[in-house]
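# Coordinate inspection notes
Listed here are the chains, written in short residue letters.
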Amino acid sequence: MEEILKVNGLSKKFDDLPVLDNLSLSVKKGEVVVIVGPSGCGKSTFLRCLNGLEDIDEGEVLLGEEKVNPNKKNLSRTRERIGMVFQSYDLFPHRTILQNITLAPIKVKKRKKAEVEEEAIKLLDRVGLLSKKDSYPRQLSGGQKQRVAIVRALIMHPEVLLLDEITAALDPEMVREVLDVVLSLAKEGRTMLIVTHEMAFAKAVADRVIFLENGKIVEEGSPEEFFDNPQTDRLKRFLKTFSYEK
Ligand code: ADP
Ligand code: MG
């Protein structure tokens, strides 16, 4: 399979704090990579470096042949090619759901309003929210808002989708409805990098799982290897924090 995203020796510090330490990773088209690791280990910073939200100190990120993050001029193009969804949905409160979704493709991509709305309606239907198109964000539950945020990313036609703990703020019954959408995206062959603490979901959705600690990849493997037969003591200890024994 064709390589779509390549990270070479990425390093990043905040003042004197090293957060990413010479990190390299290569992602194939259609691959789903799940990144797990303790809080503060650099997961969000890593994703943010990939779509140009953070400056990189050393190393490079390549999307296809193109270098990401080289200068401000290419930044909006990078953000179109790499979509990101965050824990907080950041919808515009005074715009309807349909407007929230269609704003960027019309303004940034200069696409025709009618065509964009037609696509938005199809996508909303797909995530079960067509009936909410004229509602405002405050009228939706957290899980519904997060599904809207996914649609808002998809309508930009990103080549890679980055999901940063998108269910971390949701009640348990809403986690499922959002993760089911992500599973369906994986099935249709979307390239995704997913940061999550939902281990059962990670096992189901991932082609490859990566354990990040202190800005380094400590261990990686197929979901079966990773969860059922972890090699490093560090990963074994980390995985134990998700299981309970009486
Ligand atoms: P994670 O997502 O794995 O919890 P983050 O990437 O958010 O970790 O943060 C990694 C480290 O970098 C943490 O120690 C955090 O406090 C620090 N950090 C993150 N963003 C900033 C920032 N803008 N300025 C200074 N330090 C930051
Ligand atoms: Mg984070």
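Residues numbered from 1 in each chain as written. Chains lettered and ligands numbered in written order. Predicted model: local features only at pLDDT ≥ 70, side-chain atom pairs only at ≥ 80, totals over all residues. Heavy atoms only, no water.

### Describing helix α6 (residues 172-187)
- The end-to-end C-alpha distance of α6, which contains 16 residues, comes to 23 Å, matching closely the 22 Å that a straight helix rising 1.5 Å per residue would cover.
- Looking only at α6, the buried set comprises Met-174, Val-175, Val-178, Leu-179, Val-181, Val-182, Leu-185 and Ala-186. With its buried residues spanning 145 degrees around the axis, α6 presents them on a single face. Facing away from the buried side of α6, by more than 90 degrees, are the exposed residues Glu-173, Arg-176 and Lys-187.
- Looking at the packing, one finds that the buried side of α6 touches β3 (32-36), α4 (113-126), α5 (142-154), β7 (160-164), β8 (192-195) and α7 (199-205).
- Following α6 by one or two positions, Gly-189 adopts a phi angle in the positive range, close to 95 degrees. (Helix = DSSP H or I, 4+ residues; strand = E, 2+ residues; numbered from the N terminus. Expected span 1.5 Å × (residues − 1). Buried < 20%, exposed > 50% of the residue type's maximum accessible area, 1.4 Å probe, protein only. Arc of directions from axis to C-beta. Contact = heavy atoms within 4.5 Å.)

### Thoughts on the sheet that holds strand β1 (residues 3-14)
- Spatial strand order, β2-β1-β4-β5: 4 strands in an open sheet with antiparallel pairing. Single-partner strands in this sheet number two, and they are β2 (17-28) and β5 (66-68). Pairwise comparison of adjacent strand axes, ignoring direction, gives a mean angle of 25 degrees for this sheet.
- Inspection of the sheet shows β1 paired to strand β4 (residues 58-63) by 5 bridges, in the antiparallel sense. By the bridge assignment for β4, Val-7 is matched with Val-61. (Pairing = 2+ DSSP bridges. Axes fitted to C-alpha atoms, helices over the stretch in contact; angles between N-to-C directions.)

### A closer look at the layout of surface pockets
- Here the largest pocket is characterised by a volume of approximately 600 Å³.
- Lining the largest pocket are 21 residues, and of these Arg-79, Met-84, Ala-104, Arg-152 and Met-156 lie nearest its centre.
- Mapped onto the lining of the largest pocket, the elements with two or more residues apiece are α2 (75-81), β6 (82-85), α3 (97-107) and α5.
- For the lining of the largest pocket, the class distribution of residues is 13 nonpolar, 4 polar and 4 charged. (1 Å grid on protein atoms, 1.4 Å probe; cavity = no way out; pocket = protein on both sides within 12 Å on 5 of 7 lines; lining within 4 Å. Points joined across faces, edges and corners; volume = space filled by probe spheres on them. Nonpolar A, V, L, I, M, F, W, Y, C, P; charged D, E, K, R; others polar.)

### Things to note about the packing of α3 against α5
- Running from N to C, α3 and α5 cross one another at 25 degrees; their axes reach a closest spacing of 8 Å. Between α3 and α5, the angle falls in the class roughly parallel. Crossing hand, α3 versus α5: right-handed. Of α5, the residues touching α3 (which contributes Ile-97, Asn-100 and Ile-101) are Val-148, Val-151 and Arg-152.
- Among the residues forming the contact of α3 with α5, the class breakdown is 4 nonpolar, 1 polar and 1 charged. (Parallel < 35°, antiparallel > 145°, perpendicular 65-115°, else oblique. Left-handed = near helix turned anticlockwise from the far one by under 90°.)

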